[in-house]
Structures are given as structure tokens and as C-alpha cells.
Amino acid sequence: PIAKKRSDYQQPDFLISHVDMVFHLDIQKTRVITTCQFSRNGEHNRPLVLDGESITLIKVVLNDNLISDYDVNSEQLTIPTTEDEFTLCVETVINPEANKTLEGLYFSAGAYCTQCEAEGFRKITYFLDRPDVLAKYDVTIYADKARYPHLLSNGNQIDKGQLDDGRHWVKWQDPFNKPSYLFALVAGDFDLLTDNFMTQSGRNVALELYVDKGALDKGHHAIASLKKAMAWDEQVFGLEYDLDIYMVVAVDFFNMGAMENKGLNVFNSKFVLADAESATDDDFFNIEAVIGHEYFHNWTGNRVTCRDWFQLSLKEGLTVFRDQQFSADMSSPVFNRIKNVQIIREHQFAEDASAMAHPIRPEEVIEMNNFYTVTVYDKGAEVIRMMHTLLGADGFRKGMDLYFARFDGQAVTCDDFVQAMQDATGIDLSQFRLWYSQSGTPKVTVSDEFDLSTGRYTLTFGQMTPPTADQKTKQALHIPFRFELLDEQGVAISDDSVPELKAKMIELTQDVHSVSVSGLNAKPTPSLLHNFSAPVKVDYAYTHQQLSSIILYSGDEFARWDASQSLYSRCIHNLATAPDSPDNALFDSMLDSIGGVFALADTNPALAAAMLSIPSFETLSQQVDEIQVEALYHAQRSVRHLIATALSDKWLTLYNNQVVGAYQYKADDVDKRRLRNLSLSYLVQGDATQASELLHAQFSQADNMTDSLGALKAAQYGKLEQFDQLMVQFEERWRHDPLVLDKWFALHANMERSDILARLPLLLSHEKFSLDNPNRVRSVLGSFAFYNVLGFHAIDGSGYKFLADYLLKLNSVNPQVAARVITPLTQWQKFDPKRQELMRYQLARIADCKELSKDLIEKVSKSLN
Ligand code: BAL
Ligand code: ZN
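Everything quoted here is computed from the prediction, not taken from an experiment. (Residues numbered from 1 in each chain as written. Chains lettered and ligands numbered in written order. Predicted model: local features only at pLDDT ≥ 70, side-chain atom pairs only at ≥ 80, totals over all residues. Heavy atoms only, no water.)

Asker: Pulling in residues and values, what's your account of the coordination of the zinc ion (ligand 2)?
Answerer: For the zinc ion (ligand 2), the full set of protein donor atoms is His 293 (NE2), His 297 (NE2) and Glu 316 (OE), and the range of their distances to it is 1.9 to 2.1 Å. All donors of the zinc ion (ligand 2) belong to a single chain; written as a sequence motif, their spacing is H-x3-H-x18-E. Pair noted here: His 297 is in the loop between α2 (281–296) and β22 (305–306) and Glu 316 is in helix α3 (residues 312–330), with a separation of 19 residues, a long-range link. By relative accessible area, His 297 is classed as buried at 0%. A relative accessible area of 1% means that Glu 316 is categorised as buried. (Donors = N, O, S within 2.8 Å, 3.2 Å for Na, K, Ca; no water. Helix = DSSP H or I, 4+ residues; strand = E, 2+ residues; numbered from the N terminus. Buried < 20%, exposed > 50% of the residue type's maximum accessible area, 1.4 Å probe, protein only.)

The structure is reproduced here in C-alpha cells:
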């Protein structure tokens, strides 16, 4: 396959003003009749070339004349017309049941459903399947009424009728221009939850949530979240919904989390369905966030869309930023910020360090589905956040207003967005634009000097971005770097004559910068990268004392958490590299500081819970040049064990203090359950009898999934004997509920046990396991490969082989999911030479497969380079 390059962008040869589609739904032979009004774009005599894949062409009618002088192959239909304006009607047949890729139109769990982003529309009909071709759509759907009472598409329902043969039909019209990737069709028998929302200008919007039969009670949280998101976007960005109806459909078979199709969102049921018994607090949180994310796309993505797929971060980075701000406003801002940063440190930094490194606006793509990445999404959101920081909330809002005023109804570029931000505020973002084209994780090295005789303190910042697989040379970036200086009492030093101190921020634009402040009696402590103001790594040689001081006193809650993580990381790396001669002063300092954090539990429980949690293996991995798997893993467990046992009384008190009534999803209770389950996960590393009693009581008395699962996870982590038996009970109770069963599969797959490779095949042969269901595949394969450190990285290579064997099967079923789950195997670069070799051997085995999908070819070939 040939890579497409961003620099090769050309305007489309033809435009489409109107699309009329008629669907005659049939499980194996769906007939699609598509009639489009085309016009030639510019002066040229090139033929019309339409995209199309995995569809059977029946006939082509040009301006009412049946034609046969077209050319068709497995990817394109070419019509040799010389006309400037014409009507083309194309009839095709597709097989939704055979479509296991879950792209285009597919049939699963008794319903028809579509997924067109990025390039799935071409699996439905021949079309100019690119985001810069915007058109108005009329869609008529015919299907059997008894089996498919609900026939849905984008926009407003304008007509419907009944046929004598048991079929019925519905016609939809979307008044807004849209690209084909936002097209959607759903047909099935669902339960329907309805509500409404009054917009700020007084329009009444009907809200409709379609769920599996019998799941109606699990839809209330999603509808409530939608209404919150609609109100929030009006308040914060002045953005109002623009159709009279907003539909959300939850389906069990879905590649992504959800999809923002105009007026008809399709969701993975994981991000819709929730009740106390079956969903955790995290599930409730994620539903609110994803419902918000898809809703916010209506403006950032749908009203203003991407010119080409290289610009994906235009809509995704911006919309992730918007959903992050929404979530922060709905609950604890610092806890949310920590979650955002953990994704960057665990996954985005890892992507930068791998062969898949790319800028947030990629330059070259073989399979677009491979670029729905943490870099495009989450680093993309960090880049938007940096603009928010540089421009201030008001300036950012002005920029957004100008962006919509300029580009509403158009398909534009990331440059257009940045230009609007610059023009609205007069702030120069020319160097800032490099964040779009430069890949990699910048490192900011900070050093300082204090001259006691003059009281002068100088802080020096150096920035450097190491080379990445895709890009050898790097330039200096425009980095907003927030910081403060703490005096010996932990009070922030203010000196308005130093602009950076006044602003609590320095804008790094060159390789080296320094800031000086005079008149100090003692050397201050710099508290660095407040609120993670840029997606960078920071290197400063803190003393343990300084970290403790930041933990106690910094004015920035994020920095307090970050200092706690640095202290833990130091202990873990110390133990990993020198297990026989630990730095006792360091450990004392850590225990002392962490002991003090328990006092925060009453006043700031969300922050306390985050500070009492140690860094993940994935975060720790990004802090070293070479990952020593066993040493790092066992050091992490040992440090946790030390914290568990040295502070066991505090953990027990903390556990007992978190008293919560009947389940409600509300901030106070969420915080308490979080602290309680965190305590339990430490207690299982202490007195086993006591822990076992607490755990058993919690599991049997829980009225909610957060506590049930909390008990199970603690039993798993503590390797308690009762784990297996609790898992059996859990499976018996929940085997009918696919979303809960996913949790059960995941717990088995990421369990640390020496016979894990023998157990995985049992999971795959479980009657409820199916290769066709992406959620199930992710729960078993994803959990194992991403999170079962010792199992996946077993030194005999059996974990890697297991994944590769499986991917070779998944390749022909669902390449998109296969290419997602292969990620840990592609990130071999930081492992020891032996593991590198084993990982590359499995990648080479995959590369040898004759029928390898484009998705896997791109990832495997890059990783083997
Ligand atoms: N556009 C794909 C799914 C999402 O990011 O919302
Ligand atoms: Zn999105």
C-alpha cells in the first residue's frame, strides 16, 4: 500500500450539492440507490473518480441515461463525463451481515448500524469519500416493520409510510451540509428513552436515547449528562444545538467509543448504559465525558470540519480539550487534570518513543484508522490547552468566536484554527505552530544558582526535543511553563519587578532562558510545571526535602500531586537499581510526606486519593532509558508493600472513615468510595486475615459495582485465596450482562500468575467470548497486552507469541481493532535486547502473513524498520 502525504493535498475535482439515498435493508443483500448532483470544481477535463470498496455495482445512470462506459475496480468507479453539472445515480448491493470490520453498514445483534469515519462511507456506496466534500442529504430507509420498528438517519424525519408486504419506510432530511463521514443509519428494535432540552434562545430540542430492549433504566445517566453538556456549551462557549432532535443509539458491537454523526450519535453501549449495580463510578464518569465529547463535536467537527484527514486533530484535539474542561467543571478539576496527564505520561510519551511517533498533524498515512491516537487526541488537546494558557480564557473565547464566524459550514485546517486564535487576540503564534508539525516529547532541563552574598537566585531553563523515529532534527518550541518559587516556610515568593514571577509563567521560545530574582535570604524551592502547562518532561535535581516541601505547600494542587509521584518514583527506581542498598533517607522522607497526606482526606479527598496512589508501571517505564521488567515491577510492588505496612493503621482508619449511604453517583460519595477502595488495595498487602474479612464483607454487602469490583481488584492484587471463588460468584451473577462480563474477562486477563499463558486460551474458548466483538477482544487481549506486565513480557516470549497468534486471526476479521491491540508489541524500543528480539520476531511473523490488512502493514513495517 502507498502512503498518502499531507503535502499532496489537492482540492476535489468535483463537488456535490445534494445526495439522495434510498436503502432497501436486507441482512445479506441491502440495495442502496444513491443520486447525487455533481458540479465540476474548476477548469479541467478529468473524469469523475469515486471511492468504493467491498460493494457490488448494479447500475450507473448519468442524467437519466443508463451507461456502461465506466471503469470499476476494487477501490474506484471512474465515470468518463465531460459535463460540468450532472446527476449521477448509482445502485449498489452490500452484505451487512458479512461485514465484520464494523466499518460501513453492518448487521450485529439484530440491528443495522453504520460507522463511516474515517473512510467507511465508501463501503456503502461509490462516493467522493473525503471530508472536504460537503452536501445535503435526504435518506429513505425501507425495512421490515416488525423486526425494525425504528429506522433512523441524520437530521429531521420528514415523511414515512407503510407497504403491503410488511415493510415500512421513513424519510430523513439533514438541513446542514455535511461530509460523508458524518452519515449514519440505524435500524432495529430498541427501547426508547425520551426527554427534551430548551436551548438558550428558547428552542425545544427532542432528545431520544435508543437502547437494547430491557435496558431503559440504564439510560437515565446518559440523558442527564447530555443535558448538562448542552447547557455547559451554551454557558462556556455560547454554542447552541442546531437541530430539533438529537438522537443517541447504544450498540454492543462498535470499534470506537462513540461517533458524532450529525443528529444521530452512535455509541458503544459501554459509554451509555449505567446503573448502580452494574456500573462503576468510573463508568458513570466516562459516560458523562464521552456524551459530552460527541455533543461538543456538533460545533467542533460537524459545523466546522476537517479539510483532509491529516487535520484530524483540528476537531479531535479541540473536542478532547472541551470535554476535559467540561468534566473538570462537573467534578474535581485537579483530579481530572491528573487523569489527563496520566494518559499523556503512560501512553502518549510511549508513542513518541516508538516507531509510530508522529506529530499531532501527521505528515504521512497509509491507513487513517491508525491515526486515531493518543498523540492526535490527547497531545492535540494539550496543544489547544497551551493556547488557552497563552491567550487566557477570554482571549481563547474570542478566538473560538472568530473561528466559527469565519469557518462555519466549511472544511478547514489546523492552520486556520491557529490563525483565528492569533487574529482574535493579536498574540503571535507563529512559533507555536511548530507543535503541529514537530513530533516527540520535549525535555525541559532546569538548573539553578543561588548567591548567598548578594541574595540573587537564577533559574535556567533549557529545552531539547530528542529525535523521534519519524523526524531526526528538532527545533525550539514555544512552551508556556508555569512555576513558582517557594521560600523556606513554603510561601510563594512574589516580586512584581520580575515579569515571569508576576505571571507565574515563563514562555520558553529558545534553547535556553533564565530568570533572576534578587533580595532573597535563602535558596528557594522551584515548584515547576504547574497544572502540567505543557506536554513535556521536566528534569530538575530536587532534594527529597524540596519535594516534601512542594507536597505540603505548593499553591498548585497538580504540583503537589506531581511531587508525590516524583518521590514515589525515586523510591521505586532506587529499589529497582539497588535492591540491596536502598537509600534509607529517601524512604523515610517519602513515608513521612505521604503520612502527612492522610490529613487531606477530609478536606480534599480527590487530591488525597491521587497523592496516595503510586505511579503506574507504564509511567515508570517512561522515566527510564531501558526497562528492566522484573526489577521495576517488583520494586513497584515492594514500595507499595512498604507504604501498606508502614502506614497500616492509617489505612485501616481511612477505610473505616469512608461511610457512604445507598449508592448515588455524586462527588462526595465518589471520593469516599475511591478512598475506601484505595485503602482496601493497600490493606490486602498487610494483615491477610484482617484484609480478607474486610474484603469479604465489602463484596457481599456492596449495593454497587464500584465496591464489588474494588473488592475483587484488591483480592486480585493481594493474591488472596478467595479471589477465584469470588470470581466464580461474580460470573454467575453477571453472565447475562456483556459490559460487566467484560470486567470479569479483564480481571482474569491482567492477573499476575505464573500459569497465565495456560489460562488465556480458556478465556478465549469461553462460551461468551467472541472474536467479532471489539469490547470482548479489548477486555481479554487488550488487558493482557497492555497491563499484564509479567505475563506479556514473559522472558520466554510466550506472551508475545500469544498476542501475535491471535492478531493473525483478528487481522481478517477486524483489522482496525487488531491494529489497536498490537500497540504494546510495537513499543519494543525501551526493553532489554533479549525482549526486543523476541518482540521483533513476532512482528516479523505477522509481517509474513500474505493477506495482511493495510492497518497492520503500516504498524508492523514501521516497527520493524
Ligand atoms: N470521531 C471519532 C470518535 C470521536 O472522537 O468522537
Ligand atoms: Zn472525537
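Asker: Tell me about unusual backbone geometry, residues and numbers included.
Answerer: Cis rather than trans, the peptide bond between Glu 117 and Ala 118 has omega equal to 0°. For Ala 109, which is not glycine, the phi dihedral falls at a positive 50°. Among the secondary structure elements, Ala 109 is positioned in the loop between β10 (104–108) and β11 (111–115). At Phe 532, a position not held by glycine, the phi torsion is positive, near 50°. Take Phe 532: it is sitting in the loop between β30 (525–528) and β31 (537–539). Taking the relative accessible area as the measure of exposure, Phe 532 reaches 0% and is therefore buried.

Asker: Which residues make up the packing of aromatic side chains, and what are the values?
Answerer: For the coordinates displayed, the defined rule picks out 46 aromatic pairs. Ring centres of Tyr 181 and Trp 309 lie 4.8 Å apart, and the angle between their planes is 70°; this geometry places the pair in the edge-to-face category. Within this pair, whereas Tyr 181 is found in the loop between β15 (167–178) and β16 (185–188), its partner Trp 309 is found in the loop between β22 and α3, the two being separated by 128 residues in sequence. A relative accessible area of 1% means that Tyr 181 is categorised as buried. Its relative accessible area of 7% is what places Trp 309 among the buried residues. Ring centres of Phe 284 and Tyr 663 lie 5.8 Å apart, and the angle between their planes is 40°; on these two criteria the pair is classed as tilted. Residue Phe 284 is found in helix α2, and its partner Tyr 663 is found in the loop between α16 (648–657) and α17 (667–683); the two are separated by 379 residues along the sequence. (Phe/Tyr/Trp six-rings, centres within 6.5 Å; stacked < 30°, edge-to-face > 60°.)

Asker: Break down the site of ligand 1 for me, with residues and values.
Answerer: All residues in the neighbourhood of ligand 1 are listed as Glu 117, Met 256, Ala 258, Met 259, Glu 260, His 293, Glu 294, His 297, Lys 315, Glu 316 and Tyr 377. Interatomic distance of 2.8 Å between a side-chain N/O atom of Glu 294 and an oxygen atom of ligand 1. In the environment of ligand 1, a nitrogen atom lies 3.3 Å from a nitrogen or oxygen atom belonging to the side chain of Lys 315. In isolation ligand 1 has 220 Å² of accessible area, and contact with the protein removes 95% of it. Those elements that provide at least two residues to the shell around ligand 1 are β20 (258–259), α2 and α3. Looking at the shell around ligand 1, its residues break down into four nonpolar, two polar and five charged. (Near = heavy atom within 4 Å. Polar contact = N/O pair within 3.5 Å; in protein donor to acceptor, adjacent residues only side chain to side chain. Areas by Shrake-Rupley, 256 points an atom, 1.4 Å probe, with all protein chains shown as cover. Nonpolar A, V, L, I, M, F, W, Y, C, P; charged D, E, K, R; others polar.)

Asker: Any chance you could break down the environment of Glu 234 for me, citing the residues and the numbers?
Answerer: One can find Glu 234 in helix α1 (residues 220–237). For Glu 234, a relative accessible area of 10% gives the class buried. The spacing of Glu 234 and Ile 594 is 360 residues in sequence and 41 Å in space, taken between C-alpha atoms. Setting aside chain neighbours within four positions, we find Glu 234 in contact with Phe 197, Thr 199, Gln 200, Leu 239 and Glu 240. For Glu 234, the side chain forms a polar contact with the main-chain nitrogen of Gln 200, separated by 3.0 Å. (Contact = heavy atoms within 4.5 Å.)

Asker: Please provide a residue-by-residue account of the packing of helix α22 (residues 756–764) against helix α23 (residues 774–787), values included.
Answerer: At a minimum axis distance of 11 Å, the contact between α22 and α23 shows a crossing angle of 160°. Taken together, α22 and α23 sit at an angle that is classed as roughly antiparallel. Crossing geometry of α22 relative to α23 is assigned as left-handed. On α23, the residues touching Ile 756, Leu 757, Leu 760, Leu 763 and Leu 764 of α22 are Val 780, Leu 781 and Phe 784. Per-class residue counts for the contact of α22 with α23 are eight nonpolar, no polar and no charged. (Axes fitted to C-alpha atoms, helices over the stretch in contact; angles between N-to-C directions. Parallel < 35°, antiparallel > 145°, perpendicular 65-115°, else oblique. Left-handed = near helix turned anticlockwise from the far one by under 90°.)

Asker: Lay out the sheet that holds β16 with the relevant residues and their values.
Answerer: Strand order in the open sheet formed by four strands is β10-β11-β16-β13, with antiparallel pairing between adjacent strands. Looking at strand neighbours, the two that pair on one side only are β10 and β13 (150–153), the edges of this open sheet. Taken pair by pair, the neighbouring strands of this sheet meet at an average axis angle of 15°, ignoring direction. Sheet topology places β11 next to β16; two bridges connect them, and they run antiparallel. (Pairing = 2+ DSSP bridges.)

Asker: How would you sum up the domain arrangement of the protein? Please name residues and give values.
Answerer: By domain assignment, the protein separates into domain 1 (1–189), domain 2 (195–204 + 213–303), domain 3 (333–533) and domain 4 (735–865). A straight line from the C-alpha centre of domain 1 to that of domain 3 covers 43 Å. Taken together, the two surfaces of domain 1 and domain 3 that pack against each other cover about 990 Å², and 48% of this comes from carbon and sulfur. The three residues of domain 1 that bury the most area against domain 3 are Ala 3, Arg 6 and Ala 118, which together make up 44% of that side's buried surface. For the pair domain 1 and domain 3, the number of links is two salt bridges. Glu 363 is paired through a salt bridge with Arg 6; the nearest N and O atoms lie 3.1 Å apart. Across the side of domain 1 that touches domain 3, the residue classes tally to six nonpolar, no polar and six charged. (Domains from an automatic or database assignment. Buried area = accessible area lost by both parts, 1.4 Å probe. Salt bridge = Lys/Arg side-chain N within 4 Å of Asp/Glu carboxyl O.)

Asker: Residue-level account of the pattern of salt bridges, with values.
Answerer: The final tally for this structure, using the stated rule, is 55 salt bridges. Linking Arg 835 and Glu 630 is a salt bridge whose minimum nitrogen-to-oxygen distance equals 2.7 Å. In this pair, Arg 835 sits in helix α28 (residues 833–847) while Glu 630 sits in helix α15 (residues 629–646), placing the two residues 205 residues apart along the sequence. A residue is classified by how much of its surface remains accessible, and Glu 630, at 35% relative accessible area, is partly exposed. Three or more residues are tied together by salt bridges with common partners; here these are Lys 4, Asp 51, Glu 119, Arg 122 and Asp 129.

Asker: Just give me the short version of the side chain of Ser 863, but keep the residues and values in it.
Answerer: Locating Ser 863 in the fold gives a position in helix α29 (residues 854–864). Leaving out residues up to four positions away in the same chain, Ser 863 has contacts with Ala 355, Thr 826, Trp 828, Arg 840 and Leu 843.

Asker: Now, about the state of the cysteines: what can you tell me, with residues and values included?
Answerer: Scanning the entire structure with this criterion turns up zero disulfides. Looking at the unpaired Cys 113, the closest cysteine sulfur is the one in Cys 116, lying at 9.4 Å. Left unpaired, Cys 306 is separated from the closest cysteine sulfur, that of Cys 414, by 7.2 Å. The exposure class assigned to Cys 306 is buried, which follows from its relative accessible area of 0%. (Disulfide = S-S within 2.5 Å.)

Asker: Explain α23 to me, using residue names and the numbers behind them.
Answerer: Of all the bends in α23, the largest measures some 35° and sits at Leu 781. Of all 14 residues that make up α23, 11 are buried, and the element is covered over most of its length. The complete set of buried residues in α23 reads Pro 774, Asn 775, Arg 776, Val 777, Ser 779, Val 780, Leu 781, Gly 782, Ser 783, Phe 784 and Ala 785. (Bend = angle between axes of the 7 residues up to and from the residue.)

Asker: Describe the environment of Arg 337, and please don't skip the residues or the numbers.
Answerer: Positionally, Arg 337 belongs in helix α4 (residues 333–352). Those residues within four positions of Arg 337 in sequence are excluded, and the remaining contacts are Gln 324, Glu 382, Arg 385, Asn 531, Phe 532 and Phe 558.

Asker: Describe the pairing of β13, naming the residues involved and giving the relevant values.
Answerer: Each regular strand displays side chains that alternate between the two surfaces of the sheet. Of the two faces of β13, the one carrying His 150 and Leu 152 and the one carrying Leu 151 and Ser 153 are both buried. Where β13 and β16 come together, four bridges link them in antiparallel fashion. The partner of His 150 across the bridge, within β16, is Gly 188.

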